[in-house]
Amino acid sequence: MSVDVATSAEQDWMARAIELATSNVAAGGGPFGALVVRDGEVIATGTNKVTVDLDPTAHAEVTAIRNACRALGSFKLDGCVLVTSCEPCPMCLASALWARVDRVLFAADRDDAAEAGFDDRAFYDVFEDPRTETPTPVQRVAMPDRNAAFDAWRNKSDRVDY
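If you're wondering where the values come from, they're calculated on a predicted model, not measured in any experiment.

(A) Summary view of the packing of aromatic side chains. Counted by the stated rule, this structure contains 4 aromatic pairs. Note on F32 and F118: the rings are 5.0 Å apart at their centroids and 85 degrees apart in plane angle, and the pair reads as edge-to-face. Taken together, the positions of F32 in the loop between helix 1 (8–26) and strand 1 (33–38) and F118 in the loop between helix 5 (110–115) and helix 6 (121–128) put the pair 86 residues apart, joining distant regions of the chain. Relative accessible area serves as the criterion here: at 14%, F32 is assigned to the buried category. An aromatic cluster is defined as three or more aromatic residues linked by ring pairs; in this entry it consists of F75, W98, W153 and Y162. In this arrangement the basic side chain of R110 is found over the ring face of Y124, its NZ or CZ atom lying 3.7 Å from the centre.

(B) Spatial organisation of the pattern of salt bridges. One pass over the structure, following the stated rule, counts 9 salt bridges. Across the pair R103 and E10 runs a salt bridge whose closest N-O atoms are separated by 2.8 Å. Pair noted here: R103 is in strand 4 (residues 103–108) and E10 is in helix 1, with a separation of 93 residues, a long-range link. You can call R103 partly exposed: its relative accessible area is 38%. On the basis of relative accessible area, E10 is assigned to the buried category, the value being 12%. Among the ionic pairs, R121 bridges to D119, the shortest N-O distance being 2.9 Å.

(C) Spatial organisation of helix 3 (residues 60–72). Counted at 1.5 Å a residue, the expected span for helix 3 with its 13 residues is 18 Å, and the 18 Å between its end C-alpha atoms agrees. A60, E61, V62, T63, A64, I65, A68 and C69 are the residues of helix 3 that are buried.

(D) Representation of the environment of W98. With respect to the helices, strands and loops of the structure, W98 is situated in helix 4 (residues 90–99). Exposure remark for W98: the relative accessible area of 55% places this residue in the exposed category. W98 sits 22 residues away from K76 along the chain, and the two C-alpha atoms are 7.8 Å apart.

(E) The sheet that holds strand 1, seen in detail. As summarised here, the arrangement of the 4 strands in space is 2-1-3-4, forming an open sheet in which the pairing is mixed. This sheet does not close on itself; its edge strands, each paired only once, are strand 2 (41–47) and strand 4. Shown here is a sheet whose adjacent strand axes are inclined to one another by a mean of 20 degrees, direction ignored. Bridge count between strand 1 and strand 3 (residues 80–86): 5 bridges; the pairing is antiparallel. Each residue of the ladder has a partner; that of V36, found in strand 3, is L82. Along the sheet face, helix 1 touches strand 1, strand 2, strand 3 and strand 4 and points at about 150 degrees away from the line of strand 1.

Rules used in this analysis
Residues numbered from 1 in each chain as written. Predicted model: local features only at pLDDT ≥ 70, side-chain atom pairs only at ≥ 80, totals over all residues. Heavy atoms only, no water. Phe/Tyr/Trp six-rings, centres within 6.5 Å; stacked < 30°, edge-to-face > 60°. Helix = DSSP H or I, 4+ residues; strand = E, 2+ residues; numbered from the N terminus. Buried < 20%, exposed > 50% of the residue type's maximum accessible area, 1.4 Å probe, protein only. Lys NZ or Arg CZ within 6 Å of the ring centre and 35° of its normal. Salt bridge = Lys/Arg side-chain N within 4 Å of Asp/Glu carboxyl O. Expected span 1.5 Å × (residues − 1). Pairing = 2+ DSSP bridges. Axes fitted to C-alpha atoms, helices over the stretch in contact; angles between N-to-C directions. Contact = heavy atoms within 4.5 Å.

Have a look at this one:
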C-alpha cells in the first residue's frame, strides 16, 4: 500500500481525526476518530462509541457518516471526503461506499490497529478471498416468498431510490 503526500488541509483534517481518537479514549470510547469534509469544511465528526453505546456498529467512521447525513439532510455524501484516524474496517469501508463519499483518507493502518489489540484481519480476509471460512456462518434459508419485500418495493410508486 502506498502512502500519499497529503496537502496542508488534509494534514489538518487528519490531525483533528487523530485528536478526536485520542481524546475519545479518555471519554471511555475506542481510539478511533473520523470526520466528513465537504468543500474544505468539516461537516461532521464521529468517534468510536462501541463500548459506550453498546453498539458494535458505532465505529468512528459510521458515526461520522451518520452525523454528516443528518447535518446535510441526505443519505448521500457525494462531494465529501471521509477522514479517519485508522484504516476503515470492512464495515466502515462498505458504509463509506454506500454513502457515496468521493474519497477516504486514513493515518494508522490495519497492522497498527492489530498491534493495539484491534485485529480485524480475519474480516479483511473474508472479503479478499471468498474461499476464506467466515468467523460467523452465513446461510440462505429457502422461502417461497423470499422476494415479497422486493416485489412491494418495485410496486411502490413513491419510493426513494438509493
